Amino acid sequence: MPEGDRGCGARLRKAREAAGLSQADVAARLKMPLRVVQSLEVEDWSRLGAPVFVRGQLRSYSRLLGLTTAPMFEASGVAPVEPPKLVPRTYTRPLQHFAEQAARRLVYVVMTIAIAIPVWLATRPHLGSVAHDAAPLDVPAFGDAGTRDAVDQARPLVASLAPLPAPAAPALSLRLRGDSWVEIVARDGRTLEQSLLRAGEQRSYDVDEVGRVVLGDANVVDVRSHGRPADLTPYLRANVARFTVSSDGSLAPAAD
């Protein structure tokens, strides 16, 4: 293979020209910006974002032209997305685990008894004398049992029916129905999240916490703003959603 054709960009360009397609034709068929097609052919990865985005767009272009993706990935030099490393936990036998739990509960019971019994013994004589000698101040000192019953029945019972305040919904929440690259940037430029999230994971952010959001596969991410579903259609490009979160929690397109 000639030296100039070893890169993945040169292979894409030769395959496109052999198929009789222009860069604009490729962009229209893949529904991606023309600058993305141009960046892939010149291997300018800096304009395409994170490695997961580069590999996804390179895969789509290669499949359109009938090229095998694995050699294209190898020729591009873009590192694959590494899954998070799982740290093995120390195995504990079921019998040992049960014995440890029982020992902790026994210690708790013994400490409770050691504190409760002295307190009960110290307060018992006083409670007995109060119960026999004291009488409510608002009950007339009559010996008639019927009078006491009438006074007890006349006392109103007050119950509070006020509902507890419901917790406020987060300004922005994400729930993943499939794997997707997610990038969350704070208002001060700090990176809050930049990783491949798995299906079933969720994230929530306050209104003054998040400033910019990028979703690699927006079709598998449910986005809610203040508890209401958000429509990501205005922020989609080649299935990648880019938007900002304003101070009042509303979404707006992010500048490229």
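Everything numeric here is computed off the predicted structure, so don't read it as measured data. (Residues numbered from 1 in each chain as written. Predicted model: local features only at pLDDT ≥ 70, side-chain atom pairs only at ≥ 80, totals over all residues. Heavy atoms only, no water.)

S.K.: It is not clear to me how the pattern of salt bridges should be interpreted in this structure. Could you clarify?
M.R.: Oppositely charged side chains may form a pair once their charged atoms are brought near each other. Counting across every chain of the model gives 7 salt bridges. Here Asp222 makes a salt bridge to Arg175, at a shortest N to O gap of 2.7 Å. Placement of the pair is Asp222 in strand β6 (residues 221-225) and Arg175 in strand β1 (residues 172-176), with a sequence separation of 47 residues. Here Glu201 and Arg203 are joined by a salt bridge, their closest N and O atoms 3.3 Å apart. Owing to a relative accessible area of 22%, Arg203 belongs among the partly exposed residues under this scheme. Each of Arg175, Arg177 and Asp222 takes part in a single network of salt bridges with overlapping partners. (Salt bridge = Lys/Arg side-chain N within 4 Å of Asp/Glu carboxyl O. Helix = DSSP H or I, 4+ residues; strand = E, 2+ residues; numbered from the N terminus. Buried < 20%, exposed > 50% of the residue type's maximum accessible area, 1.4 Å probe, protein only.)

S.K.: It is not clear to me how the nonpolar core should be interpreted in this structure. Could you clarify?
M.R.: The nonpolar side chains of soluble globular proteins are, as a tendency, buried together. Of all hydrophobic cores here, the largest spans 20 residues; its most connected members are Leu172, Val213, Leu215, Val223, Leu232 and Phe243. Every element with two or more residues in this core is listed here: β1, β2 (180-186), β5 (210-215), β6 and β9 (240-245). Beyond its immediate stretch of four places on either side in the chain, Leu172 contacts Arg203, Ser204, Tyr205, Val210, Val213, Val223, Arg224, Phe243, Val245 and Leu251. Leu12, Val37, Trp45 and Val54 belong to the second largest nonpolar core, which has 19 residues in total. (Core = buried A, V, L, I, M, F, W, Y, C linked by side-chain atoms within 4.5 Å. Contact = heavy atoms within 4.5 Å.)

S.K.: Before we go on, may I ask you to explain the pairing of β6 in this structure?
M.R.: Successive residues of a regular strand alternate their side chains across the two faces of the sheet. On β6, burial follows the alternation: Val221, Val223 and Ser225 on one face are buried, whereas Asp222 and Arg224 on the facing-out side are not. Summarising the sheet, β1 and β6 pair through 5 bridges and their orientation is antiparallel. Note on β6: the bridge partner recorded for Ser173 is Arg224. Where β6 and strand β7 (residues 228-229) come together, 2 bridges link them in antiparallel fashion. The partner of Arg224 across the bridge, within β7, is Pro229. Linkage of β6 to β7, two consecutive antiparallel strands, is achieved through a turn of 2 residues, within which His226 is found at a positive phi near 55 degrees. (Pairing = 2+ DSSP bridges.)

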